[in-house]
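Chain by chain, the residues:
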Amino acid sequence: EGGQHHLRGGIPQRGVAPPDGRAQHAGEVAPRAAVGAGQPALALAARVIAYGERINGLSPAYDSVQFQGGKAIVEFKRVGSGLEARDGELTGFAIAGSDRKFVWAKAEIVGRDKVAVSSPEVPNPVAVRYGWADYPVVNLWSKDGLPASPFRTDDFPMVTAPKK
């Protein structure tokens, strides 16, 4: 999985609270509306992971991507009743071609568990990222009230990767 899940290296019995769209601004220690941020998602994750309850308590997460016709079709797992954009059109998606230069992209929900991502600046996409920023403004949620986890579909070297 992408985002925090990827960085944890597959540690079992762990939950993650994805960003909920309340962007933190440069210079702030925590989001302005930080009280309670992430608590509902973590509480639901605990009910699923620690207590074995059979509820939809885990956030939507990246599953796979297909590139076709100038678009990336991203499939999500754990979508419960489906995906939705909160407060307008989807935000937080970026797309890149073989030059590895990411640009902000248009994204739209397709069916229950997919998002189509495209940009006229990238006619042949090879990678997609969602919520992959210092202060992401994101709004993809499950209809069950859980924010989607940030992810990246690429394995391009990161800026902070050690030099060889």
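Note that this is a predicted model, so its numbers are computed, not measured.

(A) Examining the overall build of the protein more closely. Each helix and strand in the protein was counted, giving two helices and ten strands. In the protein, the order of α-helices and β-strands from amino to carboxyl end is α-α-β-β-β-β-β-β-β-β-β-β. Per-residue burial over the protein gives 36% buried out of 164 residues. Long-range contacts, defined here as pairs at least 24 residues apart, represent 61% of the contacts in the protein between residues at least 6 apart. With the model as given, the accessible surface of the protein reaches about 9,700 Å², and the carbon-plus-sulfur share is 52%.

(B) The arrangement of the confidence of the model for the protein in detail. The predicted model of the protein has a mean per-residue pLDDT of 80, with 65% of residues at 70 or higher. In this model residues 32-37 is a low-confidence stretch, pLDDT under 50, and it forms six contacts with partners more than four residues away in sequence or in other chains.

(C) Geometry of the sheet that holds strand β2 (residues 71-77). Strand order in the open sheet formed by four strands is β1-β2-β7-β6, with antiparallel pairing between adjacent strands. Where the open sheet ends on each side, the last strands, each with one partner, are β1 (61-68) and β6 (106-110). Along the sheet, successive strands turn relative to each other by an average axial angle of 25°, direction set aside. Examined bridge by bridge, β6 and strand β7 (residues 114-118) share five bridges and lie antiparallel to one another. Among the inter-strand pairings, Lys 106 is bridged to a residue of β7, identified as Ser 118.

(D) Summary view of the nonpolar core. By size, the foremost hydrophobic cluster in this structure holds 21 residues, and its most contacted members are Phe 93, Val 115, Val 117 and Leu 140. Contributions of two or more residues to this core are made by β2, β4 (93-96), β7 and β8 (127-130). Counting residues per element, this core draws most heavily on β2, at three residues. When neighbours within four sequence positions are excluded, Phe 93 is seen to be in contact with Val 103, Trp 104, Ala 105, Ala 107, Val 115, Val 117, Val 128, Arg 129, Tyr 130, Leu 140 and Phe 151.

(E) Representation of the sheet that holds strand β5 (residues 102-104). In spatial order, the strands read β5-β4-β8-β10; together these four strands make up an open sheet with antiparallel pairing. The sheet is open, and its two borders are formed by β5 and β10 (151-152), each paired with just one other strand.

(F) Structural detail: the pairing of β8. Along β8, one buried face is formed by Ala 127 and Arg 129 and the opposite face, lined by Val 128 and Tyr 130, is buried too. Here β4 pairs with β8 via four bridges, running antiparallel. For Phe 93, the partnering residue across the bridge sits in β8 and is Tyr 130. In this sheet, β10 lies alongside β8 in antiparallel orientation, the contact comprising two bridges. Residue Tyr 130 lies in a different strand from β10, and its bridge partner there is Phe 151.

Thresholds, definitions, all that
- Residues numbered from 1 in each chain as written.
- Predicted model: local features only at pLDDT ≥ 70, side-chain atom pairs only at ≥ 80, totals over all residues.
- Heavy atoms only, no water.
- Helix = DSSP H or I, 4+ residues; strand = E, 2+ residues; numbered from the N terminus.
- Buried < 20%, exposed > 50% of the residue type's maximum accessible area, 1.4 Å probe, protein only.
- Contact = heavy atoms within 4.5 Å.
- Areas by Shrake-Rupley, 256 points an atom, 1.4 Å probe, with all protein chains shown as cover.
- pLDDT = per-residue confidence, 0-100.
- Pairing = 2+ DSSP bridges.
- Axes fitted to C-alpha atoms, helices over the stretch in contact; angles between N-to-C directions.
- Core = buried A, V, L, I, M, F, W, Y, C linked by side-chain atoms within 4.5 Å.

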